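One letter stands for each residue in the lines below.
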Amino acid sequence: GMIRKPAAFISTISDERGSELMYSGVKISEVFESGMGIGGVLSLLWFKRRLPAYCTKFIEMALMLTADHGPAVSGAMNTIITSRAGKDLVSSLVSGLLTIGDRFGGALDDAAKTFSQAKDRGLTPREFVDEMRRGNKLIPGIGHKVKSVTNPDFRVQVLVEHVRKEFPAHSMLDYALAVQAVTTAKKDSLILNVDGALAVCFVDLLRDSGAFTREEADEAIQIGTLNGLFVIGRSIGFVGHHLDQKRLKAPLYRHPADDIFVDMPMRVLAKGK
Ligand code: ACO
Ligand code: LMR
């Protein structure tokens, strides 16, 4: 009989071989007829399922809230400098994306993990903060270079209000806000930042929407899904910065020398050597 050659790849999210493109088994015509929007498409391709409307709306909100935060942040700077070095759109975009990580924009999955594990272990917010400090670890999702209690991040406020109104439950968000109360009592800038706020709300979504088992919810965080939200959102801004620089015909950038402190020891060669 026929022996099927073992496949070199397995793929489970999309199929273009038939008459109509499908995302997770849903025909592209149905994608548009249902009006699921970009949040619905992301749900099909990332989670392989349709999610309730409040979830797809939240995903779209995450993309909108993270789309840009001005030219001064690490990623936008990289994109702008690359663009001004005459490089193309993809080079400028990935140059910006490469700054996304533990410190900037890439703290979501670790925040989701750290906050949910602490809450699941029954730690009070103060015990959690103290434990992290004893371990000499920064809390992912806490802290901002310019935003603070006195200069609040409006994005986080919008998000918190939305989730309180629209989500069936938000115990992880409540826990994170209680943690923020402890950290900001120490230092004004140790607020729940955008990464942290999105992360804990996403844990609430994964756990309480009824669309995921607990294992699926944990796996989504484990494999890096949440940082993907920031990557996709901020790509909108990075592309915008690249186009902006091209339109402005901005020349090659060189950083002013008087803004760099060169601290180089002089080495004097001994005579005769
Ligand atoms: N948890 C506990 N303590 C913190 C944290 C934190 N997450 N962040 C800063 N601190 C403490 C520092 O230990 C330091 O304490 P000290 O004064 O006793 O030495 C003090 O707060 C100031 O720290 P800095 O490093 O000067 O803070 P900075 O403002 O430069 O850092 C940053 C901001 C990078 C966001 C930092 O808070 C951090 O690494 N947070 C965790 C990662 C994170 O959430 N990143 C995403 C940011 S949001 C975004 O990019 C969209
Ligand atoms: C961002 O969204 O890029 C930030 O919150 C980081 C920053 O320093 O503004």
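This one's a predicted model, so the numbers in the text were calculated from it and none came from an experiment.

Asks: Any details on the packing of aromatic side chains? Residues and values, ideally.
Replies: Taken as a whole and assessed by the stated rule, the structure comprises eight aromatic pairs. Each ring, one from F47 and one from F212, has its centre 5.4 Å from the other, and the planes form 80°; the classification is edge-to-face. One end of the pair, F47, is in helix α2 (residues 37–47); the other, F212, is in the loop between α10 (194–208) and α11 (214–222), and 165 residues separate them in sequence. Like F47, the residue F212 is buried in the burial classification.

Asks: A description of the site of ligand 2 should follow, citing residues and the corresponding values.
Replies: The immediate surroundings of ligand 2 are formed by H69, V73, F104, H144, R155 and R234. The side chain of H144 places a nitrogen or oxygen atom 2.7 Å from an oxygen atom of ligand 2. Taking R234, its side chain carries an N or O atom lying 2.7 Å from an oxygen atom of ligand 2. Here ligand 2 loses 81% of its free accessible area of 270 Å² to cover by the protein chains. When each cavity is represented as a set of grid points, ligand 2 is found to reside in the largest pocket. Its residues assigned to classes, the shell around ligand 2 comprises two nonpolar, two polar and two charged.

Asks: Could you give an account of unusual backbone geometry, naming the residues involved and the relevant values?
Replies: Unusually for a residue other than glycine, S24 sits at a positive phi of about 45°. Structurally, S24 is set in the loop between β2 (22–23) and β3 (26–27). With phi around 60°, K48 is a residue other than glycine that occupies positive phi space. Relative to the assigned elements, K48 resides in the loop between α2 and α3 (53–66). Relative accessible area serves as the criterion here: at 44%, K48 is assigned to the partly exposed category.

Asks: Quick rundown of the site of ligand 1? Include the residues and the values.
Replies: Near ligand 1 there are 18 residues, and of these I139, G141, I142, K145 and N193 occur at the shortest range. R103 has a polar backbone atom sitting 2.8 Å from a nitrogen atom of ligand 1. Here an oxygen atom of ligand 1 and a backbone polar atom of G105 are 2.9 Å apart. A total of 930 Å² of accessible area belongs to ligand 1 in isolation, and the protein chains cover 64% of it. Of all the cavities here, the one that holds ligand 1 is the largest pocket. Looking at the shell around ligand 1 residue by residue, the class counts come to eight nonpolar, five polar and five charged.

Asks: Break down the environment of V146 for me, citing the residues and quoting the values.
Replies: Counting through the fold element by element, V146 comes out in the loop between α7 (125–134) and α8 (154–166). Of the residues examined, V146 reaches a relative accessible area of 54% and is grouped as exposed.

About the thresholds
Residues numbered from 1 in each chain as written. Chains lettered and ligands numbered in written order. Predicted model: local features only at pLDDT ≥ 70, side-chain atom pairs only at ≥ 80, totals over all residues. Heavy atoms only, no water. Phe/Tyr/Trp six-rings, centres within 6.5 Å; stacked < 30°, edge-to-face > 60°. Helix = DSSP H or I, 4+ residues; strand = E, 2+ residues; numbered from the N terminus. Buried < 20%, exposed > 50% of the residue type's maximum accessible area, 1.4 Å probe, protein only. Near = heavy atom within 4 Å. Polar contact = N/O pair within 3.5 Å; in protein donor to acceptor, adjacent residues only side chain to side chain. Areas by Shrake-Rupley, 256 points an atom, 1.4 Å probe, with all protein chains shown as cover. 1 Å grid on protein atoms, 1.4 Å probe; cavity = no way out; pocket = protein on both sides within 12 Å on 5 of 7 lines; lining within 4 Å. Sits in = over half its atoms within 2 Å of the grid points. Nonpolar A, V, L, I, M, F, W, Y, C, P; charged D, E, K, R; others polar.

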